[in-house]
Amino acid sequence: MPGTPLPRPNPHLAGARHEAYERCLGLECNLIRTPGMQEANGSIGPVLAARVLGYLLQEIPAETGKDYLANEVNNCTTGEEMELLAQFYINAFILTFKRNLGAEVIPERSEHLSRPPRDDQMQSYHDTLKRDKLDYWTSKKHALTRDCHRCHFTGRYDAELLRDNELLDQYTSGRKIKVAYLEMAYIIPEPVRTSKSIREEASDAEHGWTPAVWAVLSRFSNRPDLPGNLNGQKIHRLENVVIMEPVAHCALNALRIWLEPTPVQNEYTPRSVHDGAWVHDMLNPVIFSSTDPELPVPSPDYIALHAACAKVANLSGAGQYVESMWEDIEAARVLSTDGSSSMLLSFALNRVAERAGVP
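Computed from a predicted model, the values in this text were never measured in an experiment.

(A) Quick look at the side chain of Ser272. Mapped onto the fold, Ser272 is located in strand β6 (residues 267–272). Looking at Ser272, the relative accessible area reads 8%, which means it is buried. Among the polar contacts made by the side chain of Ser272, one reaches the main-chain carbonyl oxygen of Arg256 at a distance of 3.2 Å. For Ser272, the side chain forms a polar contact with the main-chain nitrogen of His274, separated by 3.1 Å. Ignoring any residue separated from it by four or fewer positions in sequence, one finds Ser272 in contact with Arg256, Ile257, Trp258, Trp278 and Val279.

Structural data, given as structure tokens:
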């Protein structure tokens with residue numbers, strides 16, 4: 001389980017956060033002295049638990065969220081309780097954002113929606129939002145309009161523009177452009193689900209994350225209105241979506257890339273676990289703007305949550321832990337009778353519960 005050791009000395013000077021971080025440092029050292037502990041009882045192990053909790057204490061966007069976590073850590077009476085707490089946050093936070101490649105399914109659409117309507121033919125975005133009628137394809141049409149049919153990460157325009165000379169000229173003014181087939185990405189993702197028709201999706205008004213996930217996202221962002229703003233069909237709202245090229249979209253979902261704000265509003269620096277591999281071809285800064293004040297740009301609060309999750313997942317090693325679990329589950333045919341598969345079983349059951357909406 002790679003990952004980066006927690007920074008020393010303690011970056012929190014005093015108070016509950018200082019005490020909690022010291023406990024994380026102590027838990028991390030325990031594994032170094034006692035090899036093999038992380039396999040015991042199917043737990044994630046002391047070192048991963050320590051790093052997940054320690055990096056969360058540094059990266060949670062809301063100060064109140066950091067204080068809440070510090071109190072949770074300090075209330076743990078044993079290392080095992082800290083491991084269980086870290087496992088909870090892997091399930092309720094990291095797995096909320098991190099996607100296994102190929103896991104996301106774009107809903108089917110009927111034939112008459114195979115080509116987006118012209119911008120002046122679309123219903124008002126706010127009318128659609130108020131009537132709770134947003135879905136993937138409706139939101140994507142509005143997002144394309146907002147973003148000038150362009151990926152803000154790479155600068156490439158939507159290849160579909162080539163099918164409409166009038167629209168092409170409207171957005172490019174006759175300039176030579178680079179194109180790609182663009183997708184709509186979620187900042188705070190939908191729960192992983194199976195394929196649905198657009199009619200089935202539209203009728204699924206209660207589709208959303210479990211209460212435990214919403215509670216964590218609300219605390220970490222200091223946004224108690226988060227569930228009301230994003231639950232059900234509201235997950236498609238424009239503040240939560242961006243238009244992207246497929247490769248960049250996959251990297252965002254896999255937590256390989258994230259955005260950090262600059263001092264300028266709606267302007268971000270793209271970051272990555274491997275700067276040379278993922279972001280050297282991206283625009284820097286990434287600037288979000290809108291062609292219409294009625295079409296809001298991506299929310300800085302949602303972007304900050306995604307960035308915090310990406311940094312914790314990569315620094316702690318939790319991202320690699322999750323990927324190894326996915327690989328082992330796919331490779332496993334049956335569970336071992338000696339109990340050695342308990343971690344796999346626990347991990348798989350947590351994913352089933354999330355998809356079923358079980359708290």
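Now that the structure has been shown, we can carry on.
(B) How the structure looks around helix α9 (residues 211–221). All buried positions along α9 are accounted for by Val213, Trp214, Val216, Leu217, Ser218, Phe220 and Ser221. Where α9 is buried, its residues contact α2 (46–59), α4 (79–97), α10 (226–230) and α13 (300–316). Asn222, located one to two residues past α9, shows a positive phi value of around 55 degrees.

(C) The arrangement of the nonpolar core in detail. Membership of the largest hydrophobic core comes to 84 residues, with the highest contact counts inside it found for Ile90, Phe93 and Phe153. A per-element tally of this core places α4 first, with 10 residues. Contacts of Phe93, omitting those with residues within four sequence positions, involve Leu56, Val216, Leu217, Phe220, Leu305, Ala308 and Cys309.

(D) Representation of the environment of Ile94 in the model. With respect to the element layout, Ile94 can be found in helix α4. The class of Ile94 is buried, set by a relative accessible area of 0%. As a C-alpha pair, Ile94 and Ala318 span 224 residues in sequence and 7.9 Å in three-dimensional space. Contact partners of Ile94, with chain neighbours within four places excluded, come to Tyr89, Leu255, Cys309, Val312, Ala313 and Ala318.

Rules used in this analysis
Residues numbered from 1 in each chain as written. Predicted model: local features only at pLDDT ≥ 70, side-chain atom pairs only at ≥ 80, totals over all residues. Heavy atoms only, no water. Helix = DSSP H or I, 4+ residues; strand = E, 2+ residues; numbered from the N terminus. Buried < 20%, exposed > 50% of the residue type's maximum accessible area, 1.4 Å probe, protein only. Polar contact = N/O pair within 3.5 Å; in protein donor to acceptor, adjacent residues only side chain to side chain. Contact = heavy atoms within 4.5 Å. Core = buried A, V, L, I, M, F, W, Y, C linked by side-chain atoms within 4.5 Å.

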